[in-house]
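These are the residues of each chain, in order.
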Amino acid sequence: MTRHATTPFEGQKPGTSGLRKKTRVFMQPRYLENFVQATFDAIGGIAGQTLVLGGDGRFFGDAAARTILKMAAANGARRVIVGQGAWLSTPAASHLIRARSAMGGIILSASHNPGGPDEDFGVKYNMGNGGPAPESVTAAIYARTQYITEYLCLDASDPDLTTVGEAQLGTMVVEVADPVEAYADMMESLFDFNALRAMFNAGFRMRMDSMCAITGPYAVEIFERRLGAPAGTVTHATPLPDFGGMHPDPNPTWAHELMAEMMGADAPDFGAASDGDGDRNMVLGAGIYVSPSDSLAVLAANAHLVPGYKSGLKGVARSMPTSAAVDRVAAEMGLDCYETPTGWKFFGNLMDAGRVSLCGEESFGTGSDHVREKDGLWAVLMWLNILAVRQMSVAEILQDHWARFGRNYYSRHDYEALPIDQAEAMLGDLRTRLDGLKGAQFEGLSVESADEFSYTDPVDGSISTGQGFRILFEGGSRVVLRLSGTGTEGATLRVYLERYAPGPDGLEHDPQEALAPIIKATEAIVGIRERTGRAEPNVIT
Ligand code: G1P
Ligand code: ZN
């Protein structure tokens, strides 16, 4: 074992989910090592502990895994369970940490960001509950990066990750595990696989686009092998180091191949895509797109039809910018409904405390308390199970849902790579004007309230401030504005637009059309176009 001298560096900022940088930054001498050692130090050391390790297959992931294994051995870990080929989807890693009672796990991914030598890489530490590290831990990791002086690494040849089995690395056991099996088994325990097999057998057609990222092997095993969907149902099924040049973010913009197929003639009954590390999902029916906020609401309203949730839900949660569609379901079904800041870690506390079973974000994240991360394939299986029980199409399920609960028209507009100063000044000005907005009229809409969201965690009492601006208009419409915390270039402004139509009238509009008055009022209030010179958003979801 060698103690390598090193120097402080600019690592993960407190409160952010892992460290994400350009791959070449991670590949600099000592950079990955510094961050991993800072993590080990900040969590009190790993001597005698079991850890889980794996990632989404992106460039540098396997090399990083081999380095981390040698560092874990030098730091005295007892065992590291690593996915074969250094592969583990984020939800599968979360499951393994929980199932094997590991101290925690390291996930090698930059989620939905593109991969490759000139794209992004990331490292994230998850806790023993399987969920992302809370702010107290990310703050400790950050603090450690500021005064780190050495890292430990075993002088050994690189461990082999290609074959399932156990090997010794110093005094540590490296357990190379099949990345898919335990996860697929868990899915089989939650869903009615017999009913799904019967549905595929009867000719149900599905397209799953894994976008050359990690869910490919999982989707092939679950849909094609275990459920009998025809071979080829899963496309872009082989994880590639650069995701085949795809931007593995399952939204209408980036999953355009899937969109085109699902909106075209002869579309399959059901379509889905997932992101780089497999925690996000987009679902579609033939000719119809399901917004993530609506998806969460539909899953909440129908979860009792799925074996894993047949005794009902404990409660539900959504991030603040996610539409209030699920709130309406919760109100009718007598469920507690929590509104949390953006980011999955806030849901973990609620799930650990047994307060919620289902949660979701507008950013294509849906999940339940089966793990402590969002879970793309889980959401796809929820939909499939509901379709199998209700014997309706996706479009019919949505129509039925809107007729019963009303419709929350919803869209997110992203303005990417803005100059940071400009974006901060724009929102800084809005902050000073919030109080004056109440009661004022903009483009014929009157403002009911305007504030900046802050959250007191009902479980541990921790307070998170500055979580986005909310402007509520009369009649349940609103706009939310916040800056992204995950971008790697400049600032990304996210504008979340919502308008409620109680139904049964007014359920059939195109969302951008239905939201036009809110878009206009937002421009009148914030002046995005005027201040940034951007005629339109880069991405509309
Ligand atoms: C984005 C999403 C957020 C999600 C996060 C991690 O964060 O908006 O909902 O939890 O990615 O997947 P943002 O870039 O908006 O800070
Ligand atoms: Zn992801």
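Residues numbered from 1 in each chain as written. Chains lettered and ligands numbered in written order. Predicted model: local features only at pLDDT ≥ 70, side-chain atom pairs only at ≥ 80, totals over all residues. Heavy atoms only, no water.

1. Some remarks on the sheet that holds strand β19 (residues 407–418)
Piece 1. The antiparallel open sheet is built from seven strands, whose spatial order is β20-β21-β24-β25-β26-β19-β27. A single partner strand is all that each edge strand has here, and the edge strands are β20 (441–442) and β27 (539–540). (Pairing = 2+ DSSP bridges. Helix = DSSP H or I, 4+ residues; strand = E, 2+ residues; numbered from the N terminus.)

2. Remarks on the pattern of salt bridges
Opposite charge on two side chains lets them pair, provided their charged atoms get close.
Piece 1. With the rule as written, the count across this model stands at 33 salt bridges.
Piece 2. Note that arginine 372 and aspartate 352 form a salt bridge whose closest N and O atoms lie 2.7 Å from each other. Of the two residues, arginine 372 is situated in the loop between β18 (365–368) and α13 (376–390) and aspartate 352 in helix α12 (residues 345–352); the sequence distance between them amounts to 20 residues. (Salt bridge = Lys/Arg side-chain N within 4 Å of Asp/Glu carboxyl O.)

3. Some points on the nonpolar core
Piece 1. Ranked by size, the top nonpolar core spans 72 residues in total, and within it Met187, Phe223, Phe270, Trp378, Leu381 and Leu384 carry the most contacts.
Piece 2. For this core, the leading source of residues is α13, giving 11 residues.
Piece 3. Not counting residues up to four positions away in its chain, the partners in contact with leucine 384 are Leu196, Met199, Phe200, Phe204, Met206, Phe223 and Phe270.
Piece 4. Counting residues in hydrophobic clusters, the runner-up holds 44 residues, among them Tyr31, Ile46, Ala74 and Val137. (Core = buried A, V, L, I, M, F, W, Y, C linked by side-chain atoms within 4.5 Å. Buried < 20%, exposed > 50% of the residue type's maximum accessible area, 1.4 Å probe, protein only. Contact = heavy atoms within 4.5 Å.)

4. Description of empty space enclosed by the protein
Piece 1. Taken as a whole, this structure holds one cavity of 30 Å³ or more when the rule is applied.
Piece 2. Looking at the largest cavity, its volume works out to about 40 Å³.
Piece 3. Lining the largest cavity are Asn281, Met282, Val283, Val290, Ser291, Pro292, Ser295, Phe364 and Thr366.
Piece 4. If you list the elements that add at least two residues to the lining of the largest cavity, you get β13 (281–285) and α10 (292–302).
Piece 5. Here the lining of the largest cavity takes three residues from β13, the largest share from any one element.
Piece 6. Tallied by class, the residues present in the lining of the largest cavity amount to five nonpolar, four polar and no charged. (1 Å grid on protein atoms, 1.4 Å probe; cavity = no way out; pocket = protein on both sides within 12 Å on 5 of 7 lines; lining within 4 Å. Points joined across faces, edges and corners; volume = space filled by probe spheres on them. Nonpolar A, V, L, I, M, F, W, Y, C, P; charged D, E, K, R; others polar.)

5. Here's the deal with the UniProt feature "domain: Alpha-D-phosphohexomutase alpha/beta/alpha" (unreviewed entry) in the protein chain
Piece 1. Within the UniProt annotation, "domain: Alpha-D-phosphohexomutase alpha/beta/alpha" (unreviewed entry) is assigned to residues 12–150, 182–284 and 293–405.
Piece 2. The span residues 182–284 shows a helical share of 37% and a strand share of 15%, and its end C-alpha atoms are spaced 27 Å apart.
Piece 3. Secondary structure content for residues 293–405 is 48% helix and 16% strand, while the C-alpha to C-alpha distance between its ends is 13 Å. (UniProt positions renumbered as here; feature names shortened; annotations may be inferred.)

6. Comments concerning the site of ligand 1
Piece 1. Not every one of the 13 residues close to ligand 1 is listed here, only the nearest: Ser363, Ser484, Gly485, Thr486 and Arg494.
Piece 2. Arginine 280 is positioned with one of its side-chain polar atoms (N or O) 3.0 Å from an oxygen atom of ligand 1.
Piece 3. Taking arginine 412, its side chain carries an N or O atom lying 3.5 Å from an oxygen atom of ligand 1.
Piece 4. Of the residues belonging to the shell around ligand 1, the class tally is no nonpolar, six polar and seven charged. (Near = heavy atom within 4 Å. Polar contact = N/O pair within 3.5 Å; in protein donor to acceptor, adjacent residues only side chain to side chain.)

7. Description of the coordination of the zinc ion (ligand 2)
Piece 1. Listed as protein donors to the zinc ion (ligand 2) are Ser111 (OG), Asp275 (OD), Asp277 (OD) and Asp279 (OD); their distances from the metal cover 2.0 to 2.1 Å.
Piece 2. Coordination geometry of the zinc ion (ligand 2): the four donor atoms subtend angles of 85 to 160 degrees at the metal centre, consistent with an arrangement described as irregular.
Piece 3. Site description for the zinc ion (ligand 2): donor spacing in sequence, S-x163-D-x1-D-x1-D. Accessibility classification places aspartate 275 together with aspartate 277 in one group, the buried group. (Donors = N, O, S within 2.8 Å, 3.2 Å for Na, K, Ca; no water. Tetrahedral: all angles 85-135°; square planar, octahedral: opposite > 155°, others 65-115°.)

8. A word on the pairing of strand β9 (residues 172–177)
Piece 1. Most of β9 is tucked away: six of the six residues are buried.
Piece 2. Where burial is concerned, the two faces of β9 agree: the one with Met172, Val174 and Val176 and the one with Val173, Glu175 and Ala177 are both buried.
Piece 3. Sheet analysis places strand β4 (residues 79–87) next to β9, joined by five bridges and oriented parallel. Residue pairing for β9: glycine 83 is matched across the bridge by alanine 177.
Piece 4. Note: strand β8 (residues 165–169) against β9, five bridges, orientation antiparallel. Each bridged residue has a counterpart across the sheet, and for glutamine 168 the counterpart in β9 is valine 173.

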